[in-house]
Amino acid sequence: MTQSAYLDSPLGTLLLEGDADGIQKLSALDTAESPSAEIPEPLQDAARQIQDYFKGNRNDFDLKLNPQGTAFQQQVWKQLLEIPFGKTTSYMDMAKSLGDPKTIRAAASANGKNPIMIIIPCHRVIASDGGLTGYAGGLWRKQWLLEHESPVTQQKLF
C-alpha cells in the first residue's frame, strides 16, 4: 500500500510517496501543507536523506526507487541518475547518450514526467545554450536546485 508524507523544504511543501517496493513520487506542491507529524516507516530513510540534501550534507541518495512509467521513460530516468551532483547536461547530450539525437523531444518529455524530483535529478538537464528550460516544479525551483548544488558560491551584489 502506497503511503505518503508531507515534508517542509526550501522549495515549499514536498509530497513523498512510496511503499516497501521503493519511492514512487517526490513532488513540490504549490500549496502549503503542514509537515507530516509522523513519517510512515517505508518513507523515513528517504525523508532523512532529503533533509540532509537540503542542509548541504548529502550529494547523492541511497534509496530504493520505484517510479512508474513507460520503458522509454524508465530508460531516461536511469540516465538522469548518472548526472553527477554539481554538474549539468543538455537535452541534446542526453538524447545522444540514449543512442539517437532524434529522440531529443521524447527524452525532454520523459524528463518532464519524472515523478521523483531531486532524487532523480531532472533539474540537472538544461538547454544546449546553458539556459534553463522546462521544469515541472517551476523554473525558480530548478534554478534554486542548481545553485544549491553549484560548487561555486555566487555572491549577490544587491
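Residues numbered from 1 in each chain as written. Predicted model: local features only at pLDDT ≥ 70, side-chain atom pairs only at ≥ 80, totals over all residues. Heavy atoms only, no water.

### A few points about the layout of surface pockets
For clarity, the cut-off: Buried and open spaces are told apart on a 1 Å grid over the protein atoms alone, a cavity being a set of points where a 1.4 Å probe fits but cannot get out and a pocket being an open set with protein on both sides within 12 Å along at least five of seven lines. Residues with an atom within 4 Å of a point are the lining residues. Grid points are joined across faces, edges and corners, and a volume is the space filled by probe spheres set on the points. In DSSP terms, a helix is any run of H or I states spanning at least four residues, a strand is any run of E spanning at least two, and both are numbered starting from the N terminus.
Its volume calculated, the largest pocket comes out at about 260 Å³. Elements supplying a minimum of two residues to the lining of the largest pocket: strand S3 (22-28) and helix H4 (104-112). Counting residues per element, the lining of the largest pocket draws most heavily on S3, which supplies four residues.

### Description of helix H5 (residues 139-149)
Note the following rule: Relative accessibility under 20% of the residue-type maximum defines a buried residue, over 50% an exposed one, and the middle range a partly exposed one, all with a 1.4 Å probe and only protein chains included. Note that the arc is defined by the directions from the helix axis to the C-beta atoms. Only heavy atoms enter the contact rule, under which two residues are in contact if any of them lie within 4.5 Å.
All of the buried residues in H5 are Arg141, Lys142, Leu145, Leu146 and Glu149. Seen end-on, H5 carries its buried residues on one side only, within an arc spanning 135 degrees. Buried residues in H5 make contact with S3, helix H1 (44-54), helix H3 (91-97) and strand S5 (125-126).

### Examining the packing of aromatic side chains
Definition in use: Any two of the Phe, Tyr and Trp rings considered here, Trp counted by its six-membered ring, make a pair once their centres fall within 6.5 Å; the pair's planes then place it as stacked at under 30 degrees, edge-to-face at over 60, or tilted in between.
Tallied over the full model, the rule gives four aromatic pairs. Between the aromatic rings of Tyr53 and Phe61, the centroid separation amounts to 5.7 Å while the plane-to-plane angle is 40 degrees, which identifies the pairing as tilted. Assessed through its relative accessible area of 1%, Tyr53 is described here as buried. When the ring of Tyr53 is compared with that of Phe85, the centres are 6.4 Å apart and the planes differ by 85 degrees; the resulting orientation is edge-to-face. Here Phe85 lies in the loop between helix H2 (71-80) and strand S4 (89-90) and Tyr53 lies in helix H1, a separation of 32 residues in the sequence.

### Considerations on H4
Within the sequence span of H4, burial applies to Ala107, Ala110 and Asn111. Relative to the axis of H4, the buried residues are bounded by an arc of 105 degrees and lie together on one face. Turning to H4, the residues buried within the fold contact H2, H3 and S5.

### Side note on unusual backbone geometry
Negative phi characterises most residues that are not glycine, and trans characterises most peptide bonds. Phi angles above zero are rare outside glycine, and Ile118 is one such case at about 70 degrees. Here Ile118 is to be found in the loop between H4 and S5.

### Digging into the environment of Tyr91
Stated precisely, the cut-off is as follows: Nitrogen and oxygen atoms within 3.5 Å of one another constitute a polar contact, given that in protein one can donate a hydrogen and the other can accept it, and given that sequence-neighbouring residues count only through two side-chain atoms.
Looking at where Tyr91 falls in the secondary structure, it is placed in helix H3. Separated by 15 residues in the primary sequence, Tyr91 and Ala106 place their C-alpha atoms 9.9 Å from one another. A polar contact of 3.2 Å, which involves the side chain of Tyr91, links it to the backbone oxygen of Thr133.

### Structural notes on the pairing of strand S1 (residues 3-7)
Across a regular strand the side chains alternate sides, sitting on one face of the sheet and then on the other. Here is the rule we go by: Two strands qualify as a pair provided DSSP detects at least 2 bridges between them.
Across five bridges, the pairing between S1 and strand S2 (residues 14-19) is antiparallel. Opposite Gln3, over in S2, you have Gly18 as the bridge partner. With antiparallel pairing between neighbouring strands as the criterion, S1 and S2 make up a hairpin whose turn holds six residues, including Gly12 at a positive phi of roughly 100 degrees.

### What to know about the side chain of His123
One can find His123 in the loop between H4 and S5. Take His123: its relative accessible area is 0%, and that puts it in the buried class. For His123, the side chain forms a polar contact with the side chain of Glu149, separated by 2.9 Å. Beyond its immediate stretch of four places on either side in the chain, His123 contacts Tyr53, Ile118, Tyr135, Lys142, Leu145, Leu146 and Glu149.

### Re the side chain of Ser27
By the element assignment, Ser27 lies in strand S3. Given the relative accessible area of 16%, Ser27 is considered buried. With residues near it in sequence (within four places) discarded, Ser27 still touches Thr13, Leu14, Leu15 and Met117.

### Overview of the sheet that holds S3
Inclusion rule: Think of each axis as a best-fit line through the C-alpha atoms, taken over the contacting stretch in the case of a helix, with angles from 0 to 180 degrees between the N-to-C directions.
In spatial order, the strands read S1-S2-S3; together these three strands make up an open sheet with antiparallel pairing. The sheet is open, and its two borders are formed by S1 and S3, each paired with just one other strand. Adjacent strand axes in the sheet meet at a mean angle of 20 degrees, parallel and antiparallel pairs treated alike. Sheet analysis places S2 next to S3, joined by six bridges and oriented antiparallel. If you follow Leu15 over to S3, its bridge partner there is Ser27. Helix-sheet contacts for H1 involve S1, S2 and S3, and the interaxial angle to S2 is about 145 degrees.

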